[in-house]
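# Understanding the architecture of this molecule
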There are 4 protein chains.
Amino acid sequence: MACEFKLTRQVEFSETDAAGIMHFSNIFRYMEAAEHAFFRSLGTSIHVAEGDLGWPRVHVDCDFKHPLRFEDLVEIRLLVREKREKSIVYTFIFRKLNEQPAREVARGTLAVACVKRDKDGGKMKAIPIPAALASKIEVAPGELFDSCV
Amino acid sequence: MACEFKLTRQVEFSETDAAGIMHFSNIFRYMEAAEHAFFRSLGTSIHVAEGDLGWPRVHVDCDFKHPLRFEDLVEIRLLVREKREKSIVYTFIFRKLNEQPAREVARGTLAVACVKRDKDGGKMKAIPIPAALASKIEVAPGELFDSCV
Amino acid sequence: MACEFKLTRQVEFSETDAAGIMHFSNIFRYMEAAEHAFFRSLGTSIHVAEGDLGWPRVHVDCDFKHPLRFEDLVEIRLLVREKREKSIVYTFIFRKLNEQPAREVARGTLAVACVKRDKDGGKMKAIPIPAALASKIEVAPGELFDSCV
Amino acid sequence: MACEFKLTRQVEFSETDAAGIMHFSNIFRYMEAAEHAFFRSLGTSIHVAEGDLGWPRVHVDCDFKHPLRFEDLVEIRLLVREKREKSIVYTFIFRKLNEQPAREVARGTLAVACVKRDKDGGKMKAIPIPAALASKIEVAPGELFDSCV
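Residues numbered from 1 in each chain as written. Chains lettered and ligands numbered in written order. Predicted model: local features only at pLDDT ≥ 70, side-chain atom pairs only at ≥ 80, totals over all residues. Heavy atoms only, no water.

## A closer look at the interface of chain C and chain D
Listed by partner, the interface residues are 24 residues for chain C and 24 residues for chain D. Here chain C meets chain D over a buried area of about 2,000 Å², counting both sides, of which 61% is carbon and sulfur. It is Phe24, Val60 and Phe64 of chain C in chain C that bury the most area against chain D; as a group they hold 23% of the surface buried on that side. Along the contact surface separating chain C from chain D lie 0 salt bridges. One can count 8 residue pairs in polar contact (both at pLDDT 80 or more) joining chain C with chain D. Within the residue set of the side of chain C that touches chain D, elements represented by two or more residues are α1 (26-41) and β3 (57-64) of chain C. Counting residues per element, the side of chain C that touches chain D draws most heavily on β3 of chain C, at 8 residues. The class makeup of the residues in the side of chain C that touches chain D is 12 nonpolar, 5 polar and 7 charged. In the sheet, β3 of chain C pairs with strand β3 (residues 57-64) of chain D via 5 bridges, with the strands oriented antiparallel. Along β3 of chain D, the bridge assignment pairs Asp63 of chain C with His59 of chain D. (Contact = heavy atoms within 4.5 Å. Buried area = accessible area lost by both parts, 1.4 Å probe. Salt bridge = Lys/Arg side-chain N within 4 Å of Asp/Glu carboxyl O. Polar contact = N/O pair within 3.5 Å; in protein donor to acceptor, adjacent residues only side chain to side chain. Helix = DSSP H or I, 4+ residues; strand = E, 2+ residues; numbered from the N terminus. Nonpolar A, V, L, I, M, F, W, Y, C, P; charged D, E, K, R; others polar. Pairing = 2+ DSSP bridges.)

## Quick look at the interface of chain A and chain B
If you look at the interface, chain A gives 24 residues, while chain B gives 24 residues. Buried surface at the junction of chain A and chain B, both sides included, amounts to about 2,000 Å², of which 61% is carbon and sulfur. Interface area lost by chain A to chain B is led by Phe24, Val60 and Phe64 of chain A, which between them contribute 23%. At the surface where chain A touches chain B, the tally comes to 0 salt bridges. Remark: the boundary between chain A and chain B carries 8 residue pairs in polar contact (both at pLDDT 80 or more). Only α1 (26-41) and β3 (57-64) of chain A provide two or more residues apiece to the side of chain A that touches chain B.

## Focus on unusual backbone geometry
Excluding glycine, residues mostly carry a negative phi; peptide bonds, for their part, are mostly trans. Cis rather than trans, the peptide bond between Gln100 of chain B and Pro101 of chain B has omega equal to -5 degrees. As for its placement among the helices and strands, Pro101 of chain B is situated in the loop between β5 (87-96) and β6 (103-113). The backbone of Glu71 of chain A shows a phi angle near 75 degrees, a positive value even though the residue is not glycine. By the secondary structure assignment, Glu71 of chain A is in the loop between β3 and β4 (73-83).

## Considerations on the relation of the copies chain A and chain B
Overlaying chain A on chain B yields an RMSD of 0.0 Å, the required transformation being a rotation through 180 degrees with an accompanying axial translation of 0.0 Å. Both chain copies can therefore be described as sitting about a two-fold axis. The rotation axis passes nearest to the C-alpha of Asp61 of chain A in chain A, at a distance of 2.0 Å. Both copies present the same face, since 100% of the interface residues in chain A are matched by interface residues at the equivalent positions in chain B. (Least-squares fit on C-alpha atoms with pLDDT ≥ 70 in both.)

## Digging into α1 of chain A
Between its first and last C-alpha atoms α1 of chain A spans 23 Å; for 16 residues at 1.5 Å apiece the expected length is 22 Å, and the two agree. The element α1 of chain A is extensively covered by neighbouring structure, given that 14 of its 16 residues are classed as buried. (Expected span 1.5 Å × (residues − 1). Buried < 20%, exposed > 50% of the residue type's maximum accessible area, 1.4 Å probe, protein only.)

## Describing the packing of aromatic side chains
Going through the model one piece at a time under the given rule, you end up with 34 aromatic pairs over all chains. On the basis of an interplanar angle of 85 degrees and a centroid distance of 6.3 Å, the ring pair of Phe24 of chain C and Phe64 of chain C is categorised as edge-to-face. Here Phe24 of chain C is found in the loop between β1 (4-10) and α1, whereas its partner Phe64 of chain C is found in strand β3, with 40 residues between them in sequence. A connected cluster of aromatic rings, assembled from ring pairs, spans Phe5, Phe38, Phe39, Trp55, Tyr90 and Phe92 of chain A. Its guanidinium or amino end placed over the ring of Tyr30 of chain A, Arg9 of chain A lies 4.3 Å from that ring's centre, counting from NZ or CZ. (Phe/Tyr/Trp six-rings, centres within 6.5 Å; stacked < 30°, edge-to-face > 60°. Lys NZ or Arg CZ within 6 Å of the ring centre and 35° of its normal.)

## Description of the relation of the copies chain C and chain D
Mapping chain C onto chain D is achieved by rotating through 180 degrees and translating by 0.0 Å along the same axis, at an RMSD of 0.0 Å. Most of the interface of chain C is mirrored in chain D, where 100% of its interface residues again form contacts.

## Observations regarding the sheet that holds strand β6 (residues 103-113) of chain C
Spatial ordering of the open sheet is given by β1(C)-β4(C)-β5(C)-β6(C)-β3(C)-β3(D)-β6(D)-β5(D)-β4(D)-β1(D), a layout of 10 strands whose pairing is antiparallel. The two strands at the open ends of the sheet, each matched to only one other strand, are β1 of chain C together with β1 (4-10) of chain D. Across the sheet, the mean angle from the axis of one strand to that of its neighbour is 15 degrees, orientation sign disregarded. In the sheet, strand β4 (residues 73-83) of chain D pairs with strand β5 (residues 87-96) of chain D via 9 bridges, with the strands oriented antiparallel. Looking across to β5 of chain D, one finds that Leu79 of chain D is bridged to Thr91 of chain D. (Axes fitted to C-alpha atoms, helices over the stretch in contact; angles between N-to-C directions.)

So yeah, pure geometry; function would need other evidence.
Okay, here's the thing in structure tokens:
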């Protein structure tokens, strides 16, 4: 049973913008990268080319506290906040590691639904999370969500 | 005084992902494109190369109701939800136009702070929105936020 | 029979980088946007969700003469350079319109193959361009490729 | 003296497109990531926030042999092809590692100029590569460019 996962990334130049900081939209690509690495750590993949299982995002958000710049080292910590029959809610806590002490720079959410995709029309229908996968995921204890500023 | 702005875009192939739909992170690029076009409609620009005024995002979110696909026509409607001394909160309502009736596919938020950037260190400090700009922006009436499903 | 197409775009903030200019990789997204709009102008689409026809890129290149910045207005001119049985080569000429006289800022190439995708394995096999489409496309006369500096 | 550098990446979902493969424009972000990691391996950075040195791209190209898909493991091998007074040309060889034997899937070029940026207007002027940096970089021997299919 896993309730968290950590991934470290370094901000790339193509992720910055003319304000000299990481473009905010990339924070969601970082969340997703951690989510997918979390799935791989469970021995599975979030996307199987021939498969019909999908995980569309239902709600996403992020609060930004400090900007990230080119070559900053960022820890992305995924925490399972809620686990329901047909959906999962993750919290992501971002810390900038190349400063001492490392401080929280952003915190966000991905709420994802488990769906079956209709192969022809591409329509999606919410389904229960497959048992083999659900049995590996558990909600993280509350203290892990405390601020790590 | 302006309280809203509309922009229409067509989903590009490079914005889609292997699930066959627009990658969710791009919805925030769409919000920002509407925000910047709104500023241009007010006779200004959100970013002046030599300037020291900036608009970092403090909070962003989005709720997704229906997926967008390649070549879908999307109306992005910006509404000014809150206007404070040093920040603005926008709501964005996305409608898919190439279906009749056009339906709401997503709704999101950008909460942005007005800051002065320190030229050397790049540090940001919240400042009041310049009067010339603030005088052109007003909060949208509540009924404009009603669902347009 | 069409041999060229023009599209105008305005550089978005999310396309810039910390050097204050458009990140070079986006020039290829611009080329592709023009290619897809060209296909739409011919009454078709480059990508049909249920279809098995694809246009993978075999070779791409770009020469950069002048940088593009946020809010620059860019004309993307697509010219059909070669038309073969199973592939097309396009030249793209980029001009910055918000300067007088408008000058060429970049010039690039997309060489694309027409393929049939195997639905299950996703494998691609080069096939002749469908006659209905091939009949609408012709090679642009040489003088259109002259520099427009 | 260094003439090459290797970086391994895993294709992310946000880098794929509706054709189920990595969008071709991302190959240039991969090249740049390897270039910047190469600079870090030399004890420097390609971009110093307060600095006025820049490395705009003058010419870039890529030949694609096989598509990359979500979660493919990719080796990016940077080779210094040419070193001139004011510019460097790199070759990048991409190999897909999660197949045996690993095969070359793409090969490309970044030709970059060393420039001094005018702080106010943002204008760029080609300058000689600083000696401290130039002394660390050398051209790779020809046999390293042989195909590794």
